[in-house]
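# Working through the structure, step by step
Here's the letter readout for the chains.
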Amino acid sequence: MGKEHIDASVGLRFSLTLFERYRKNGVLRAELQHVPGVRGRCKGYIQLVEGKVTSSYVEDREGRRHSISATILAAVDDERGPFDWQLAPLPAPPSTAKAVHTFEHAAYNTPVPKVIAPLDLELLRGWSAKQKLMLSTVYEVIDGRKDIESLKKEVPLQANITEEALRVLLSLGVIAIN
């Protein structure tokens, strides 16, 4: 996620239209000012899942979150901006369909995943509780010693779901696979 930020500072309304057209997933963030109901500067957040706004809020200087519609944020951006909106991409929620691709591996030498960052389920606002549970279940079993085949046997999920969860964790940048 780190270096893959997409600049959306050309205007929030225009950017939201493009993100919807191209079905982008991620969190739009910007430093804002003059937001109705919030004193001083704050940070605006808009969560996108397949281009659709799933949640939007602002965080004040004390770290309190205030729910606010994306329409109001767009109006503030039109009147006082454009602000420097950046899209931090997130992977799409796992599908419920069976995975087509599986990890390529030899039975005697499978890759070993290891945790490199904490998993913040708050960033996955458009995901269902079941999807978050499956992701955290796989994440919690990763200890840096077990290979992928061992994890698939230990985790109480179907092998293809465990593999998809590993791909999502990898794309979130919270695990690395050696």
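The preceding data block contains the structure.
Described below are features of the structure shown in this document.

Thresholds, definitions, all that
Residues numbered from 1 in each chain as written. Predicted model: local features only at pLDDT ≥ 70, side-chain atom pairs only at ≥ 80, totals over all residues. Heavy atoms only, no water. Helix = DSSP H or I, 4+ residues; strand = E, 2+ residues; numbered from the N terminus. Buried < 20%, exposed > 50% of the residue type's maximum accessible area, 1.4 Å probe, protein only. Pairing = 2+ DSSP bridges. Phe/Tyr/Trp six-rings, centres within 6.5 Å; stacked < 30°, edge-to-face > 60°. Salt bridge = Lys/Arg side-chain N within 4 Å of Asp/Glu carboxyl O. Expected span 1.5 Å × (residues − 1). Contact = heavy atoms within 4.5 Å.

We now examine unusual backbone geometry. Excluding glycine, most residues fall at negative phi; most peptide bonds, likewise, are trans. Cis peptide bonds are those with omega within 30 degrees of zero, and the linkage from Gly-81 to Pro-82 qualifies with 10°. You will see that Arg-23, though not glycine, has its phi angle at about 50°, which is positive. Note on placement: Arg-23 falls in the loop between α1 (12-21) and β2 (26-32). A positive phi angle, close to 65°, is found at His-34, a residue other than glycine.

What follows covers the pairing of strand β3 (residues 42-49). When you tally the buried positions in β3, you get 7 out of 8 residues, the bulk of the element. By the bridge criterion, 7 bridges tie β2 to β3 in an arrangement that is antiparallel. Among the inter-strand pairings, Ala-30 is bridged to a residue of β3, identified as Gly-44. What sits between β3 and strand β4 (residues 52-59) in their antiparallel hairpin is a turn of 2 residues, with Glu-50 showing a positive phi close to 50°.

The geometry of an aromatic ring pair is captured by the separation of the ring centres together with the interplanar angle, meaning the angle of the planes. Evaluated as defined, the whole model comprises 1 aromatic pair. Centre to centre, the rings of Tyr-45 and Tyr-57 are 5.0 Å apart; their planes meet at 20°, and the pair counts as stacked. Of the two residues, Tyr-45 is situated in strand β3 and Tyr-57 in strand β4; the sequence distance between them amounts to 12 residues. For the residue pair Tyr-45 and Tyr-57, the accessibility class agrees, reading buried in each case.

Counted according to the given criterion, the structure contains 11 salt bridges. Between Arg-64 and Glu-62 there is a salt bridge, and its shortest N-O distance comes to 3.2 Å. Its relative accessible area of 56% is what places Glu-62 among the exposed residues. Bridged by salt links that share partners, the residues Asp-143, Arg-145, Lys-146 and Glu-154 form one connected network.

Moving on, we get to the pairing of β4. Consecutive side chains along a regular strand alternate between the two faces of the sheet. Relative to β4, β3 runs antiparallel, the two sharing 7 bridges. Across the sheet, residue Ile-46 finds its bridge partner in β4, namely Ser-56. Bridging between β4 and strand β5 (residues 65-67) involves 3 bridges; their strand directions are antiparallel. Its bridge partner being in β5, Val-58 is matched across the sheet by His-66. In textbook terms, the turn of a hairpin is the stretch between consecutive antiparallel strands, and for β4 and β5 this stretch comprises 5 residues, one of which, Gly-63, has a positive phi near 90°.

Our next topic: helix α3 (residues 129-141). Counted at 1.5 Å a residue, the expected span for α3 with its 13 residues is 18 Å, and the 19 Å between its end C-alpha atoms agrees. Burial in α3 covers these residues: Gln-131, Met-134, Leu-135, Ser-136, Thr-137, Val-138, Tyr-139 and Val-141. Next to the buried residues of α3 lie β7 (113-115), α4 (148-154), α5 (159-172) and β8 (175-177).

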